[in-house]
Amino acid sequence: QVQLVESGGGLVQAGGSLRLSCAASKSIFTFTRMGWYRQAPGKQRELVAVVTGGGDTNYADSVKGRFTISTDNAKFTMYLQMNSLKPDDAAVYYCSAVWGGMNYWGKGTLVTVSS
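Residue positions are given per chain, counted from 1 along the sequence in the order it is written. Reporting in this predicted model follows two pLDDT cut-offs: at least 70 for local features of residues, and 80 or more for side-chain atom pairs to be given and counted; totals over whole chains, interfaces and linings ignore these cut-offs and use all residues. Only hydrogens and water are set aside when side-chain values are computed; all heavy atoms of the structure are taken into account.

A cavity here means a set of 1 Å grid points, computed over protein atoms only, where a 1.4 Å probe fits but cannot escape. A pocket is an open set with protein on both sides within 12 Å along at least 5 of 7 lines, and lining residues have an atom within 4 Å of a point. Grid points are joined across faces, edges and corners, and a volume is the space filled by probe spheres set on the points. In this structure, the largest pocket encloses a volume near 180 Å³. Around the largest pocket, the lining residues are Arg38, Gln39, Ala40, Lys43, Gln44, Glu46, Ser62, Arg66, Lys86, Asp88 and Asp89. Ten residue types, Ala, Val, Leu, Ile, Met, Phe, Trp, Tyr, Cys and Pro, are classed as nonpolar, four, Asp, Glu, Lys and Arg, as charged, and the remainder, Gly among them, as polar. Partitioned by chemical class, the residues of the lining of the largest pocket number one nonpolar, three polar and seven charged.

Let us look at the side chain of serine 21. Here a strand is any run of E in DSSP of at least two residues, a helix any run of H or I of at least four, and the numbering for each starts at the N terminus. Here serine 21 is to be found in strand 3 (residues 18-24). Setting aside its immediate chain neighbours within four residues, serine 21 contacts Val5, Glu6, Ser7, Trp36, Thr77, Met78 and Tyr79. Any two residues whose heavy atoms approach within 4.5 Å are treated as being in contact.

A word on the nonpolar core. The criterion is simple. A nonpolar core is a set of buried Ala, Val, Leu, Ile, Met, Phe, Trp, Tyr and Cys residues joined through side-chain atoms within 4.5 Å. Exposure categories follow from relative accessible area, calculated using a 1.4 Å probe and restricted to protein chains: below 20% of the type maximum is buried, above 50% is exposed, and the middle band is partly exposed. Counting 32 residues, the largest nonpolar core has Leu4, Met34, Trp36, Leu80, Met82 and Tyr93 as the members making the most contacts within it. Secondary-structure elements contributing two or more residues to this core are strand 3, strand 4 (33-39), strand 5 (46-51), strand 7 (67-72), strand 8 (77-82), strand 9 (91-99) and strand 11 (109-114). The leading source of residues in this core is strand 9, at five residues. Once residues within four sequence positions are removed from consideration, methionine 82 is found in contact with Gly16, Ser17, Leu18, Leu20, Arg66, Phe67, Tyr93 and Val111.

A separate point is the packing of aromatic side chains. The rule is short: rings of Phe, Tyr and Trp, with Trp giving its six-membered ring, pair when the centres are within 6.5 Å, and they are stacked under 30 degrees, edge-to-face over 60, tilted in between. Counted under the stated rule, the structure contains one aromatic pair. Only lysine NZ and arginine CZ atoms are considered, and such an atom sits over a ring when it is within 6 Å of the ring centre and within 35 degrees of the ring normal. When the ring centre of tyrosine 94 is taken as origin, the NZ or CZ atom of arginine 45, which lies over that ring, is 3.9 Å away. The ring of tryptophan 105 is capped by arginine 45, whose NZ or CZ atom sits 5.0 Å from the centre of that ring.

Now for the sheet that holds strand 8. The rule for pairing is simple: two strands pair if DSSP sees at least two bridges between them. The strand order 1-3-8-7 describes an open sheet built from four strands, whose pairing is antiparallel. Whereas interior strands pair on both sides, the edge strands pair on one side only; in this sheet they are strand 1 (4-7) and strand 7. On average, each strand axis in the sheet is inclined to that of its neighbour by 15°, with strand direction left out of account. One ladder, built from six bridges, connects strand 3 with strand 8; its direction is antiparallel. What sits directly across from alanine 23, in strand 8, is threonine 77. Angles here are taken between N-to-C directions and fall from 0 to 180 degrees, while the axes themselves are lines fitted to C-alpha atoms, restricted in helices to the stretch in contact.

Another point: unusual backbone geometry. With phi around 55°, phenylalanine 76 is a residue other than glycine that occupies positive phi space. For phenylalanine 76, the location among the structural elements is in the loop between strand 7 and strand 8. Unlike most non-glycine residues, serine 84 shows phi in positive territory, near 50°. Here serine 84 shows up in the loop between strand 8 and strand 9.

If you want it as structure tokens, here you go:
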């Protein structure tokens with residue numbers, strides 16, 4: 001019922017910025033929660049940022065002050081603005097959403113940060 005498609009990943013220099021997008025096939029208004037996760041080589045998948053059903057946001061300590069999660073319901077899209085990128089931010093980033101009581105995941109988009 002819901003498809004999530006990430007985009008915006010790529011190669012960026014350390015200290016640079018990148019904006020990831022997650023396009024949903026349903027209105028973001030109807031989602032209970034949407035968020036971003038990432039998984040780096042040899043690491044567990046971790047929560048990066050989340051927007052709750054009440055509109056609250058939460059960030060991993062490692063990205064606080066550098067990353068911003070936002071949504072644009074008119075475009076059915078969630079964003080992750082990533083600033084001051086570090087090599088440790090390199091990972092596959094996944095879009096996740098809860099809708100209609102079901103969990104959905106995108107296929108991921110690769111972010112590579114060069115030194």
